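Each chain, letter by letter, is given below.
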Amino acid sequence: MEFNPVLLFRRRPAMIAAGLWRDVTIDEAMQRALKECPDKTAIVSWRQGRAEPERLSYRELDERADCIARGLALLGVGAGDVVSFQLPNRWEFVALWLACGRLGACANPVMPIFRQHELEFMLNLAESKVFVVPKRYRGFDHESMALELQRCLPHLRQVVVVDGEGGNSFDRILLRNDAPPLTGPRIGPDDVMLLLYTSGTTGEPKGVMHSYNTLYSNLDPYIEVTGLGRDDVILSASPMAHLTGFAYLCMMPVVLNATAITLDVWEPKTALRIARQEGVTFGMAAAVFASDLCRAVEEGEAPAPSFKTFVSAGAPIPPVVVERTHRLLGIRLCSAWGMTECGAVTLTEPARALEKSAVSDGRPLRGIEISVRDAEGRPLSPYQTGKLYIRGASLFGGYLKRPHLNATDEEGWFDTGDLAFVDEEGYLRINGRSKDIIIRGGENLPVMEIENILYAHPAIAACAVVGYPDERLGERACAFVVLKPGATFDFAEMVRWFEERKTARQYIPERLEIVESMPATPSGKIQKFKLRELAKERVREAGG
């Protein structure tokens, strides 16, 4: 397939000249491991329901990746083809990604929660040749769904099933011993090696194209800031099928020749037990994962003494979570901000996590520039909120078959769609999405601050504040709240809570909606566009 990653070509000379693109692929890291530490554990793959994990050394991982690549070649997969896979965090995910590169093929992980409606669109746009799924995962029959999809996708030649028992079994098709050696080209540093779909917070997902140059240019400075190295043990709990999981929990351990501990199902008490047993030192996921670990300790589970650093991105971290994570777990919770289109853009240094993670999203990584501008495109001073633009080495190659949506100007600046400000030290703070502003009676409401106040209430597990139309004021605010088990909360308590904190009266939302869960993307981002529609619907039903 013709990918046409136009944004890569434009900036290659500047990135090479600056030393930000090193023109290497994951082969460099694998060859280093095979030479220096072939018997070191690369992956410890834990699966729910099994008493012991499967452990693979770097030598064994390399052998399985090579075997899978030869099996894919027999299916007709070659340079420029797309292999889609809907796998949880297991060794097969990592080996399959490595195998794609040995064929010059593009890996396209998709989240396990997606179903036929989303997958038909995604696999059709990607012209996927092979689709790899688990037979069953979390009670859902992925095999039957994949076979049904195959009937309506003309490019899809083969469905492969992990734990399958028939002719489409992963072991039978991709772990066979009689496939001939590989002869075709491997993936190059500027080839599209990864296709990920955006989270879809505002509508139809777009296929984001990345190369090894874009991803390495992000991982190199990320590793510098976090101080990670070969001796680290990385907890891979956040789904590898979005960029946080893929870049920092799947690819980065291999880049470091470190050890990855993969969990296919998140259960915080089990995660802590495994972290203690395996000597976990680092993890990255949404802040809710850290909150879950705190709750597990409060309920009697022991923390993991080796676990020292946890990076959280996707949404501002409430101050109470930063404090509790350090007090209960001994972990420095580092804030970060990024996008599928560029990986982590900003990151808070572990040494300043307690000071900065609750009030910022970190400083730009080496190789990335940020610019906060007003409505006329003029740069703003510190603490002034405006539209956030970014440019640099880790920016994607463009959207698959949708170059008109690339949102990048001639100077390379990408419009993130976010609102933000920077402080006097250059730390970034995301203030919301451009469409998340609530303007009540001509006054902009500080949505993030209102949400932080709500989040601190002991009854609240999650919250989001959105606007809904109002004839007189233009907009009013509605708070959506998910309660902790057994907790109670009502409008009167919400008013009392804000008044007790002596906030401006305008900060108190006019409506409160208690919900069982928030509509969210696979990476955990709350889909506020859905909440805005729900708020309008509830107002109509109430007749006002």
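Reading the values: rules and limits
Residues numbered from 1 in each chain as written. Predicted model: local features only at pLDDT ≥ 70, side-chain atom pairs only at ≥ 80, totals over all residues. Heavy atoms only, no water. Buried < 20%, exposed > 50% of the residue type's maximum accessible area, 1.4 Å probe, protein only. Helix = DSSP H or I, 4+ residues; strand = E, 2+ residues; numbered from the N terminus. Arc of directions from axis to C-beta. Contact = heavy atoms within 4.5 Å. Axes fitted to C-alpha atoms, helices over the stretch in contact; angles between N-to-C directions. Parallel < 35°, antiparallel > 145°, perpendicular 65-115°, else oblique. Left-handed = near helix turned anticlockwise from the far one by under 90°. Nonpolar A, V, L, I, M, F, W, Y, C, P; charged D, E, K, R; others polar. 1 Å grid on protein atoms, 1.4 Å probe; cavity = no way out; pocket = protein on both sides within 12 Å on 5 of 7 lines; lining within 4 Å. Points joined across faces, edges and corners; volume = space filled by probe spheres on them. Phe/Tyr/Trp six-rings, centres within 6.5 Å; stacked < 30°, edge-to-face > 60°. Lys NZ or Arg CZ within 6 Å of the ring centre and 35° of its normal.

Taken residue by residue, helix α1 (residues 6–17) has V6, L7, L8, R11 and M15 as its buried positions. Seen end-on, α1 carries its buried residues on one side only, within an arc spanning 165°. Residues of α1 that are exposed and point more than 90 degrees away from the buried face comprise F9, P13 and A17. Structurally, α1 contributes buried residues whose contacts are with α8 (212–226) and β19 (386–392). After α1 finishes, the residue G19 shows a positive phi value of roughly 75°.

Our next topic: the packing of helix α2 (residues 26–36) against helix α3 (residues 58–74). It is the contact of α2 with α3, at a shortest axis distance of 9 Å, that shows an interaxial angle of 135°. With respect to each other, α2 and α3 are oriented oblique. In this structure, α2 meets α3 at a crossing whose hand is left-handed. In contact with M30, A33 and L34 of α2, α3 contributes Y58, R59 and D62. Grouping the constituent residues of the contact of α2 with α3 by class yields four nonpolar, no polar and two charged.

A word on empty space enclosed by the protein. In total, this model carries two cavities of 30 Å³ or more according to the counting rule given. What lines the largest cavity is simply A42, I43, Y58, V94, L249, C250, P253, V254, A258 and A260. When contributions to the lining of the largest cavity are tallied by element, the ones reaching two or more residues are β1 (41–46) and α9 (243–256). For the lining of the largest cavity, the element with the highest residue contribution is α9, accounting for four residues. Of the residues contributing to the lining of the largest cavity, the split by class is 10 nonpolar, no polar and no charged.

If you check the backbone angles, Y383 has positive phi at about 75° while not being a glycine. Within the element layout of this structure, Y383 appears in the loop between β18 (368–373) and β19. Even without a glycine there, the phi angle at K401 is positive, about 60°. With respect to the helices and strands, K401 occurs in the loop between β19 and β20 (414–422).

Our focus in this paragraph is the packing of aromatic side chains. Aromatic ring pairs are defined here through the distance separating the ring centres and the angle between the ring planes. In total, this model carries 11 aromatic pairs according to the counting rule given. Centre to centre, the rings of Y383 and F421 are 5.9 Å apart; their planes meet at 35°, and the pair counts as tilted. Taken together, the residues Y383 in the loop between β18 and β19 and F421 in strand β20 connect sequence positions 38 residues apart. In textbook terms, an aromatic cluster arises when at least three aromatic residues are bridged by ring pairs, as seen for Y222, Y248 and F282. One residue, K206, lies across the ring of Y399, its end atom 5.1 Å from the ring centre. One Lys or Arg, R373, reaches over the ring of W413 and ends 5.0 Å from the middle of that ring.

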